[in-house]
Amino acid sequence: MDTPALSLNLNVNTMSKQHGRHVVVVGTQWGDEGKGKLVDWLTEFSQGVVRFQGGHNAGHTLVINGVKTALHLIPSGIMRAGVKCYIGNGVVLSCGKLLEEIQGLEKAGVEVRSRLRISEACPLILPFHAALDIAREAAREQGGTEKIGTTGRGIGPAYEDKIARRALRVQDLKHPERFAAKLRELLDLHNHVLTTFLGSEQFTFPDALDPFVSHGKVQFQPVLDEAMAHAAEILPMVADVSRELNEAHHAGSNLLFEGAQGTLLDVDHGTYPFVTSSNCVAGNAAAGSGVGPGLLHYILGITKAYCTRVGGGPFPTELDWDVEGTPGWHMSTVGAEKGTTTGRFRRCGWFDAALLKRSAQVNGLSGLCITKLDVLDGLAELKLCTAYELDGTVIDILPMGANDIASCKPIYETMPGWTDSTVGITGYAKLPPQARAYLERIAQVTGVPIHLISTSPDRDHTIMVRHPFHD
């Protein structure tokens, strides 16, 4: 007997629909590359922006019509009316800091709550996480060990709880009794570490922790009371983010996935242990938001025209950025290299193409956006690191791990600088020839095409060579 043929009409119809195109934006250096501006600019061509990792240790500064706006948790797309913003499950969430940010935007006339969706699977950052973070850094310093350079905001300890499968998550806010029971268990553990192992009674904690800490211990009731107060405002914005993103894709919406920090701060691929506590690479956009990797259509690497780094750790091309009159001083002052989130000054150095090769490799970059090209205006000559000498051997890609990276001696090519201003230029042909030569050499050495160039912090001062949302 013949077997009836299976009907494939449903599948054919589904596949023939016009689906969305999705772009992932990642930093390729140590963060602070200018991702916020590019995400804001690209949001004009998308219907949703997704944050997929990190916490409020990240920060973007946007300049729109000459007005500065700093964001730490909410995706940069919130500045575009009508665009939905999503905080994915890969983010560790401080409800207090998120609400502060929402209130600040609302005072500026930005509608947030109806457009923001928060994954119920986000682990929560609570006061004891910040206390642990601060006490550990203090203990390292006291013991003569180099500090990691964390922001002290509890990001790492919150991720530790997640990996240890004991984290309190956003979804727990729906169940006060369950939340309280889990909180009590967590405090028993973490207070033991604080007092017995770290000696927290001897440390001075920031004023923000005063309501929660007594004699080095984090108190149960103030933490619970604050969490329940936050729940009333947070829960109306909680959603099944994975489902909403997949529905948006099938409805034809373009999505933009916004990375925080930078590739060289990735916990696996960065300058370990001087890294953050999450995966900053493009592949984590899938795991950190709940979409399949096949939906990540284009990977845009954001790269400064020079290098900067905040905090400790190796930096092969670092210059004397605090000596007046030097190229490093020029980068620091003209580039206003001070952290959005921490206010710390950034270390500055020459562009490192060998470093960028590593970033291109682990992210699978489709194209580059070079930012802050205008900061280099006025430098007589530029140096471009193309390789390193490590233990007598020349290597053309950044090695793995902080110890080897610290031993790398950069090998430079010297190129002529330019005196003409590039500020605000929006056409590639209008750039000074020396600037075009510099960019073309970067693309040649790294093997990644340059598709966008930023010539000032303003969203409109952008040169487009190829549009990431166009096939």
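Coordinates for the structure precede this section.
(A) The arrangement of the overall build of the protein chain in detail. Within the protein chain, the regular secondary structure consists of 13 helices and 20 strands. In terms of overall size, the protein chain behaves like a compact globule, its C-alpha atoms giving a radius of gyration of 23 Å where 471 residues would be expected to give roughly 23 Å. Dimensions of the protein chain, computed from C-alpha atoms along their principal axes, come out at roughly 80 × 65 × 55 Å. The buried share of the protein chain, reckoned over its 471 residues, is 55%. Counting only contacts in the protein chain whose residues sit at least 6 apart along the sequence, the fraction spanning at least 24 positions is 76%. Summing over all exposed atoms, the protein chain offers an accessible surface of approximately 19,900 Å²; the carbon and sulfur share of this is 51%. The average position of the 43 basic charges and that of the 51 acidic charges among the side chains of the protein chain differ by 3 Å.

(B) Fine view of the side chain of threonine 446. In this fold, threonine 446 is placed in helix H13 (residues 433-446). Within the structure, the side chain of threonine 446 is placed 2.8 Å from the backbone oxygen of isoleucine 442, a separation counted as a polar contact. A polar side-chain atom of threonine 446 sits 3.4 Å from the main-chain amide nitrogen of valine 448. If near-sequence neighbours (up to four positions away) are discounted, threonine 446 is found in contact with Ala353, Leu356, Lys357 and Leu368.

(C) Broad picture of the nonpolar core. Counting residues in hydrophobic clusters, the biggest one holds 50 residues, and the most contacted among them are Leu93, Leu98, Leu116, Ile118, Phe179, Leu183 and Val218. Secondary-structure elements contributing two or more residues to this core are strand E5 (84-87), helix H3 (95-107), strand E6 (116-119), helix H4 (127-142), helix H6 (176-197) and helix H7 (220-234). Other than its neighbours up to four places away in sequence, phenylalanine 179 contacts Leu124, Leu126, Leu168, Asp172, Leu173, Leu224, Ala227 and Met228. Judged by nonpolar contacts, the second largest core, of 49 residues, contains Leu245, Tyr306, Ala435 and Val448.

(D) Main features of the environment of proline 127. Among the secondary structure elements, proline 127 is positioned in helix H4. Placed 142 residues apart in sequence, proline 127 and histidine 269 show a C-alpha to C-alpha distance of 29 Å. Once residues within four sequence positions are removed from consideration, proline 127 is found in contact with Leu209, Phe212, Val223 and Glu226.

(E) Summary view of the pattern of salt bridges. A full pass over the atoms with the stated rule returns 21 salt bridges. When the shortest N-O distance is used, the salt bridge between glutamate 233 and arginine 113 registers 3.1 Å. Here glutamate 233, found in helix H7, pairs with arginine 113, found in the loop between H3 and E6; they are 120 residues apart in sequence, far enough to count as distant. The partner of arginine 136 in a salt bridge is glutamate 160, with the nearest N and O atoms 2.6 Å apart. Placement of the pair is arginine 136 in helix H4 and glutamate 160 in helix H5 (residues 155-163), with a sequence separation of 24 residues. Through salt bridges with shared partners, a single ionic network connects Asp32, Lys304, Glu337, Arg346 and Lys372.

(F) Focus on unusual backbone geometry. Looking along the chain, the bond that leaves tyrosine 272 and enters proline 273 is cis, with omega of 10°. You can see proline 273 is positioned in the loop between strand E10 (255-258) and helix H9 (284-287). Even without a glycine there, the phi angle at alanine 336 is positive, about 50°. Considering the arrangement of structural elements, one finds alanine 336 in the loop between helix H10 (327-334) and strand E13 (347-349). Residue classification places alanine 336 among the exposed residues on the basis of a relative accessible area of 51%.

(G) The arrangement of the environment of threonine 455 in detail. On the secondary structure map, threonine 455 appears in the loop between strand E19 (450-454) and strand E20 (462-464). Exposure remark for threonine 455: the relative accessible area of 0% places this residue in the buried category. With 34 residues separating them along the chain, threonine 455 and serine 421 place their C-alpha atoms 9.5 Å apart. In this view, threonine 455 contacts Lys37, Asp374, Thr422, Val423, Gly424, Ile425, His461, Thr462 and Ile463; residues no more than four positions away in its chain are not counted.

(H) Spatial organisation of the packing of H3 against H7. Close contact between H3 and H7 brings their axes to 10 Å; oriented N to C, the two are set at 45°. Classed by the angle they form, the pair H3 and H7 counts as oblique. The way H3 lies across H7 gives a crossing that is left-handed. Between H3 and H7, the contacting residues are Cys95, Gly96, Leu98, Leu99 and Gln103 on the first element and His230, Glu233 and Ile234 on the second. Tallied by class, residues from the contact of H3 with H7 come to four nonpolar, three polar and one charged.

(I) Region of the structure containing the packing of aromatic side chains. Taken as a whole and judged by the stated rule, the model has three aromatic pairs. Ring geometry for tryptophan 41 and phenylalanine 45: centres 5.6 Å apart, planes at 65°, overall edge-to-face. Over the ring of phenylalanine 220 we find arginine 184; its NZ or CZ atom is 3.9 Å from the centre of that ring.

(J) Local environment of the sheet that holds strand E9 (residues 238-239). Spatially, E9-E6-E5-E2-E10-E1-E11-E15-E19-E20 is the arrangement adopted by the ten strands of the open sheet, whose pairing is mixed. The outermost strands of the open sheet, each flanked by one partner alone, are E9 and E20. Where strand E15 (residues 367-371) meets E19, three bridges bridge the pair, whose relative direction is parallel. The residue of E19 that forms the bridge with isoleucine 370 is isoleucine 453.

So, how was this worked out
- Residues numbered from 1 in each chain as written.
- Predicted model: local features only at pLDDT ≥ 70, side-chain atom pairs only at ≥ 80, totals over all residues.
- Heavy atoms only, no water.
- Helix = DSSP H or I, 4+ residues; strand = E, 2+ residues; numbered from the N terminus.
- Rg over C-alpha atoms; globule rule 2.2 N^0.38 Å.
- Buried < 20%, exposed > 50% of the residue type's maximum accessible area, 1.4 Å probe, protein only.
- Contact = heavy atoms within 4.5 Å.
- Areas by Shrake-Rupley, 256 points an atom, 1.4 Å probe, with all protein chains shown as cover.
- Lys, Arg positive; Asp, Glu negative; His and termini not counted.
- Charge placed at Lys NZ, Arg CZ, Asp CG, Glu CD.
- Polar contact = N/O pair within 3.5 Å; in protein donor to acceptor, adjacent residues only side chain to side chain.
- Core = buried A, V, L, I, M, F, W, Y, C linked by side-chain atoms within 4.5 Å.
- Salt bridge = Lys/Arg side-chain N within 4 Å of Asp/Glu carboxyl O.
- Axes fitted to C-alpha atoms, helices over the stretch in contact; angles between N-to-C directions.
- Parallel < 35°, antiparallel > 145°, perpendicular 65-115°, else oblique.
- Left-handed = near helix turned anticlockwise from the far one by under 90°.
- Nonpolar A, V, L, I, M, F, W, Y, C, P; charged D, E, K, R; others polar.
- Phe/Tyr/Trp six-rings, centres within 6.5 Å; stacked < 30°, edge-to-face > 60°.
- Lys NZ or Arg CZ within 6 Å of the ring centre and 35° of its normal.
- Pairing = 2+ DSSP bridges.

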